[in-house]
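Residue-level structure breakdown
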Amino acid sequence: FTLIVFVGCTVDDDNSFVTPEYHEIYDTYVVNCPEPPIEFMSNQDEESVRRGEKLINYFKIFQVSDNLYYMYYEAFRDGEQDGNQGLYFAYSNDCKNWIRKFPNSTDDNNTIISSNIMGVDVVKVPDRKYPYRMFSMKKKNEWGLYMWKSKDGLKFEAEKQVLSGLYDTQNAAVVRGDTIKLYVRLWEEGYNRKIGLSYLDIDGNVLATP
């Protein structure tokens, strides 16, 4: 099954945020929670939490092998504000205890992209040489939506702009064969937002715009 949840906020006349709105697209599913949640990452104490550990609005986990899991998460840099966050990495052997560094690394670096991205999604595609794709909003003179490739899911390269214009904090990519269905949240004047759907091939060429 596929479950996609879009979250938005209604806004008062003074542009202050009000109650979030949730929109779900789902098939029948069952969620079993045999154990209470285990907290392994938090941004509650901003003064003591170092860069790369201030979790915000995105994370994704891949099972790479039987005993290896990769996590990608957005986090604020020290002193930075919304819209200028980075993408960070952690790995685990049991999906409970996480290490914030790259596997087999001798230092504590876990930075994939240090700043200037927003609304990330990472997916796997049917490409033997570059099986990972990353999508994110980024500003280069103007805002646009960009794609990166990776051979190992640790180092992303071949940055390419796939859509122009201002896209908001949430992007969700769904791979279907050689096609990527990219759901984007479009930002219009004020706080008005819409969900758009674009179709790409696995090289980031646009087949249909939102």
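Here, the structure is the one placed above.
Treat the numbers as computed from the prediction; the structure is a model and nothing was measured. (Residues numbered from 1 in each chain as written. Predicted model: local features only at pLDDT ≥ 70, side-chain atom pairs only at ≥ 80, totals over all residues. Heavy atoms only, no water.)

**Structural notes on the overall build of the protein chain**
Stated formally: By definition, any uninterrupted DSSP run of H or I lasting at least four residues is a helix, any uninterrupted run of E lasting at least two residues is a strand, and each is numbered from the N terminus. The classification of residues rests on relative accessible area computed with a 1.4 Å probe and restricted to protein chains. Under 20% of the type maximum is buried, over 50% is exposed, and intermediate values are partly exposed. Accessible surface area values rest on a Shrake-Rupley calculation with a 1.4 Å probe, where residue burial reflects the displayed protein chains alone.
From N to C terminus, the protein chain includes zero helices and 14 strands. Going from the N terminus to the C terminus, the protein chain shows its helices and strands as β-β-β-β-β-β-β-β-β-β-β-β-β-β. With 210 residues in all, the protein chain has 39% of them scored as buried. Carbon and sulfur atoms make up 46% of the accessible area of the protein chain, which totals about 12,200 Å².

**Structural notes on the side chain of Glu74**
Operational definition: In this tally Asp and Glu are treated as negative and Lys and Arg as positive; neither His nor the chain ends contributes. Each reported salt bridge corresponds to a side-chain nitrogen of Lys or Arg within 4 Å of a carboxyl oxygen of Asp or Glu. N or O atoms closer than or at 3.5 Å make up a polar contact, with two conditions inside protein: a donor-capable atom paired with an acceptor-capable one, and, for residues adjacent in sequence, both atoms drawn from side chains.
With respect to the helices, strands and loops of the structure, Glu74 is situated in strand β4 (residues 68–75). With no salt bridge to any partner, buried Glu74 finds its closest opposite charge in Arg185, at an N-O distance of 11 Å. Here Gly119 takes part through its backbone nitrogen, which lies 3.0 Å from a polar atom of the side chain of Glu74. Reaching out from Glu74, the side chain makes a polar contact with the backbone nitrogen of Val120 at a distance of 2.8 Å.

**Focus: the packing of aromatic side chains**
We apply this condition: Ring pairs shown here join Phe, Tyr and Trp side chains whose ring centres sit within 6.5 Å, with only the six-membered ring taken for Trp; geometry is labelled stacked below 30 degrees between planes, edge-to-face above 60, and tilted in between. Whether a charge sits over a ring comes down to the Lys NZ or Arg CZ being within 6 Å of the ring centre and within 35 degrees of the ring normal.
Tallied over the entire structure, the rule returns eight aromatic pairs. A ring pair is formed by Tyr72 and Phe156, whose centres lie 6.2 Å apart and whose planes are at 75°; its orientation type is edge-to-face. Pair noted here: Tyr72 is in strand β4 and Phe156 is in strand β10 (residues 156–164), with a separation of 84 residues, a long-range link. Owing to a relative accessible area of 0%, Tyr72 belongs among the buried residues under this scheme. Taken together, the ring pairs in this structure connect Phe62, Tyr70, Tyr72, Phe89, Phe102, Tyr132 and Phe156 into an aromatic cluster. Looking at Lys149, its charged tip hangs above the ring of Tyr130, at a distance of 5.7 Å from the centre.

**As for the pairing of strand β13 (residues 193–201)**
Definition in use: Any two strands between which DSSP finds at least two bridges are classified as paired.
Of the pairings in the sheet, the one linking strand β12 (residues 179–187) to β13 comprises nine bridges and is antiparallel in character. When the sheet's bridge partners are listed, Lys181 is paired in β13 with Tyr199. Bridging between β13 and strand β14 (residues 206–208) involves two bridges; their strand directions are antiparallel. Note on β14: the bridge partner recorded for Tyr199 is Ala208. Counted along the chain from β13 to the antiparallel partner β14, the turn is four residues long, and its residue Gly204 has a positive phi close to 85°.

**A few points about the environment of Ala173**
Put simply, the rule is: Residue contacts are defined here by distance: any two heavy atoms, one from each residue, within 4.5 Å place the two residues in contact.
Structurally, Ala173 can be placed in strand β11 (residues 167–176). Assessed through its relative accessible area of 9%, Ala173 is described here as buried. Sequence separation between Ala173 and Leu197 is 24 residues; the distance between their C-alpha atoms is 9.7 Å. Here Ala173 is in contact with Asp121, Val123, Phe135, Ile180, Lys181 and Leu182, once residues within four sequence places are set aside.

**Re the pattern of salt bridges**
According to the stated counting rule, one finds five salt bridges in the structure shown. Notably, a salt bridge pairs Asp121 with Lys60, separated by 3.1 Å at the nearest N-O pair. Of this pair, Asp121 sits in strand β7 (residues 111–124) while Lys60 sits in strand β3 (residues 55–65); the two residues are 61 residues apart in sequence, bridging distant segments of the chain. When the shortest N-O distance is used, the salt bridge between Glu159 and Lys140 registers 2.6 Å.

**Comments concerning the nonpolar core**
Note the cut-off: Only buried Ala, Val, Leu, Ile, Met, Phe, Trp, Tyr and Cys residues count toward a nonpolar core, and they belong to the same one when joined by side-chain atoms within 4.5 Å.
Counting residues in hydrophobic clusters, the biggest one holds 19 residues, and the most contacted among them are Tyr72, Leu87, Ile112, Val122, Met134 and Phe156. Among residues more than four places away in sequence, those in contact with Met134 are Leu87, Ile113, Val120, Asp121, Val122, Tyr146, Met147, Trp148 and Phe156. By size, the runner-up hydrophobic cluster in this structure holds 15 residues, among which are Met118, Val123, Phe135 and Leu145.

**Concerning the environment of Tyr132**
The topology assignment puts Tyr132 in strand β8 (residues 132–140). With a relative accessible area of 6%, Tyr132 lands in the buried category. The spatial distance from the C-alpha of Tyr132 to the C-alpha of Asp152 is 7.3 Å, given a sequence separation of 20 residues.

**Let's talk about unusual backbone geometry**
Note: most peptide bonds trans; most residues except glycine with negative phi. For Asn104, which is not glycine, the phi dihedral falls at a positive 65°. As for its placement among the helices and strands, Asn104 is situated in the loop between β6 (98–99) and β7. For Asn104, a relative accessible area of 80% translates into the label exposed. Positive phi outside glycine occurs at Asn116, with the angle close to 65°. Relative to the helices and strands, Asn116 resides in strand β7. In this structure Asn116 comes out as partly exposed when scored by relative accessible area, which is 23%.

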